[in-house]
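Structural description and commentary
Listed here are the chains, written in short residue letters.
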There are 2 protein chains.
Amino acid sequence: MENEELVHSLRLLISGLHKSLRKDISESTSLSLTELETISLLYRNDHMLPTELANHTKVSTPSMTQILNKLAERKYIRRKSDPEDKRKVSISLTSTGKKVIENALNNQDNELRGRIESRLTAGEIKTLMKVLPILEKINSL
Amino acid sequence: MENEELVHSLRLLISGLHKSLRKDISESTSLSLTELETISLLYRNDHMLPTELANHTKVSTPSMTQILNKLAERKYIRRKSDPEDKRKVSISLTSTGKKVIENALNNQDNELRGRIESRLTAGEIKTLMKVLPILEKINSL
DNA sequence: CATTATTGTTAGGTAAGCTAATTAGTTGGA
DNA sequence: TCCAACTAATTAGCTTACCTAACAATAATG
């Protein structure tokens, strides 16, 4: 079995794609990948706790605090203390934050999207879609 | 067309996988992803120039210099000045470096490999292999 | 109640990258 | 032929995106 080769190629790919993505996103939004991911989680979930966000984005809770501080400074999110359990802080997007993520999603100049649409055939894009759930299995937990 | 969704999922995946990978590799080899990638390029190519390595790994040349310094300190690579063009430095792996990359490839405790083999069916692994060239198209240049 | 657990934060550090400037060597045109 | 422009690698110094350890506040549990 030469899964070694698969693992190896996957590593190179992820490393390369990560660098391109990071550069692209920071240029267009001046946010890090994880910051964008945080906003997009909030876009889909209405409100979440810092620990939940940290788990989903795979960063430590102190790191998530920093991210939330930055996003709060820019008025992309708001913090609301939970009256039931005063340790908890409910995080949600402001309307500004919603605009930011909607822009990022729709952005035609988006480098990754441009690459996909200019370099891949319709069939290849379909194949790529099919493989996403598989990659998610590897990524999860 | 909702390529937006595809692009979005791909971003989350790459960000998550990158974090897992980086952690895993640094724990098992105390190398960064790019450092491992550099060694593996040298494993396949016998000798390369710093600029070539920088291009392939998508880092700047000063960053590559740093990486090469670290790898040279550990005696994983050697630098040899090119007599034809004295500006050029030919980089190649030492036998120690070869052992390192061979170990990293074969490592059964390898986290990514473990995930792939324990979580995916044989069919899914096949599909994954098929999609690699497509991802490479996105990654290249 | 007193201890233990959980949530979020602060403080401080590190790793992996970047740009700008430097050194050294090469090439091509007036 | 020689100087201007280019190329290759490096150095210096900075930034960003994380991390761990320690702490304060609150909640749950024996």
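To be clear, the structure that these remarks concern was listed above.
A brief look at the structure comes next. (Residues numbered from 1 in each chain as written. Chains lettered and ligands numbered in written order. Predicted model: local features only at pLDDT ≥ 70, side-chain atom pairs only at ≥ 80, totals over all residues. Heavy atoms only, no water.)

1. Some points on the overall build of chain A
Summing up its helical and strand segments, chain A has seven helices and three strands in all. Start at the N end of chain A and walk to the C end: the helices and strands fall as α-α-β-α-α-β-β-α-α-α. If you line up chain A on its principal axes, its C-alpha atoms span 55 × 35 × 25 Å. Going through the 141 residues of chain A one by one, you find that 47% of them count as buried. Within chain A, residue pairs in contact and separated by at least 24 positions form 47% of the contacts whose partners lie at least 6 positions apart. Carbon and sulfur atoms provide 49% of the accessible area of chain A, an area that totals close to 7,600 Å². Positive and negative charge centroids in chain A, built from 23 and 19 side chains respectively, lie 4 Å apart. (Helix = DSSP H or I, 4+ residues; strand = E, 2+ residues; numbered from the N terminus. Buried < 20%, exposed > 50% of the residue type's maximum accessible area, 1.4 Å probe, protein only. Contact = heavy atoms within 4.5 Å. Areas by Shrake-Rupley, 256 points an atom, 1.4 Å probe, with all protein chains shown as cover. Lys, Arg positive; Asp, Glu negative; His and termini not counted. Charge placed at Lys NZ, Arg CZ, Asp CG, Glu CD.)

2. Focus: the protein's contact with DNA strand D
Surrounding DNA strand D, one finds 25 residues, the nearest of these being Ser60(A), Ser63(A), Lys86(A), Thr51(B) and Arg79(B). Taking all atoms of DNA strand D within 4 Å of the protein, the share assigned to sugar and phosphate is 67%. Within the contact set of DNA strand D, a phosphate oxygen lies 2.9 Å away from a side-chain nitrogen or oxygen of Ser60(A). A distance of 3.2 Å separates a phosphate oxygen of DNA strand D from a polar atom in the side chain of Thr65(B). When residues of the surface near DNA strand D are traced back to their parent elements, those giving at least two are α4 (61-73) of chain A together with α3 (50-57) and α4 (61-73) of chain B. If you tally residues by element for the surface near DNA strand D, the top one is α4(B), at five residues. (Near = heavy atom within 4 Å. Polar contact = N/O pair within 3.5 Å; in protein donor to acceptor, adjacent residues only side chain to side chain.)

3. Focus: the protein's contact with DNA strand C
Lining the immediate surroundings of DNA strand C are 24 residues, of which Thr51(A), Arg79(A), Thr34(B), Ser60(B) and Ser63(B) lie closest. Each atom of DNA strand C within 4 Å of the protein was assigned to sugar, phosphate or base; sugar and phosphate come to 68%. At 2.8 Å from a phosphate oxygen of DNA strand C is found a side-chain nitrogen or oxygen belonging to Arg79(A). Breaking the surface near DNA strand C down by element, the ones donating at least two residues are α3 (50-57) and α4 of chain A together with α4 of chain B. Sort the elements by how many residues they give to the surface near DNA strand C and α4(A) lands first, with four residues. For the surface near DNA strand C, the residue count by class is six nonpolar, nine polar and nine charged. (Nonpolar A, V, L, I, M, F, W, Y, C, P; charged D, E, K, R; others polar.)

4. Focus: α4(A)
It helps to recall that an α-helix has 3.6 residues per turn; residues three or four apart then point in one direction. Residue and element names in this part refer to chain A. Here α4 contains 13 residues, and its C-alpha end-to-end distance of 18 Å stays within 8% of the 18 Å for a straight helix at 1.5 Å per residue. Burial in α4 covers these residues: Met64, Ile67, Leu68 and Leu71. The buried residues of α4 occupy one face: seen down the axis, they fall within an arc of 100 degrees. Away from its buried face, by an angle of more than 90 degrees, α4 presents the exposed residues Pro62, Gln66 and Glu73. As for α4, its buried residues are in contact with α2 (33-45), α3, β2 (77-81) and β3 (89-93). Just beyond α4, the residue with positive phi is Lys75, at close to 65 degrees. (Expected span 1.5 Å × (residues − 1). Arc of directions from axis to C-beta.)

5. Examining the sheet that holds strand β1 (residues 47-48) of chain B
Residues and elements named next belong to chain B. With antiparallel pairing, three strands are arranged side by side in an open sheet as β1-β3-β2. Of all the strands in the sheet, the pair left with one neighbour each is β1 and β2 (77-81). As judged from the two bridges shared by β1 and strand β3 (residues 89-93), these two strands associate in the antiparallel manner. Each residue of the ladder has a partner; that of Met48, found in β3, is Ile91. Contacting β2 and β3, α4 crosses the sheet at an angle of about 115 degrees to β2. (Pairing = 2+ DSSP bridges. Axes fitted to C-alpha atoms, helices over the stretch in contact; angles between N-to-C directions.)

6. Section: the nonpolar core
Core analysis: the biggest nonpolar cluster contains 79 residues, and Ile116(A), Leu128(A), Ile116(B) and Leu128(B) have the highest contact counts within it. Here Leu128(A) is in contact with Leu120(A), Leu6(B), Leu10(B), Val131(B), Leu135(B) and Ile138(B), once residues within four sequence places are set aside. (Core = buried A, V, L, I, M, F, W, Y, C linked by side-chain atoms within 4.5 Å.)

7. Describing the relation of the copies chain A and chain B
Structural alignment of chain A on chain B gives an RMSD of 0.1 Å, achieved by rotating through 180 degrees and translating 0.0 Å along the axis. Accordingly, the operation relating the two chain copies is best matched by a two-fold axis. Residue Ile14(A), judged by its C-alpha, is the member of chain A lying nearest the rotation axis, at 3.0 Å. Of the interface residues in chain A, 100% have counterparts in chain B that sit at the interface too, so the contact is made through matching surfaces. (Least-squares fit on C-alpha atoms with pLDDT ≥ 70 in both.)

8. Concerning unusual backbone geometry
Residues and elements named next belong to chain B. Phi at Asp46 is positive, roughly 70 degrees, even though this residue is not glycine. Structurally, Asp46 is set in the loop between α2 (33-45) and β1. Residue Lys75 is not a glycine yet carries a positive backbone phi of 65 degrees. For Lys75, the location among the structural elements is in the loop between α4 and β2.

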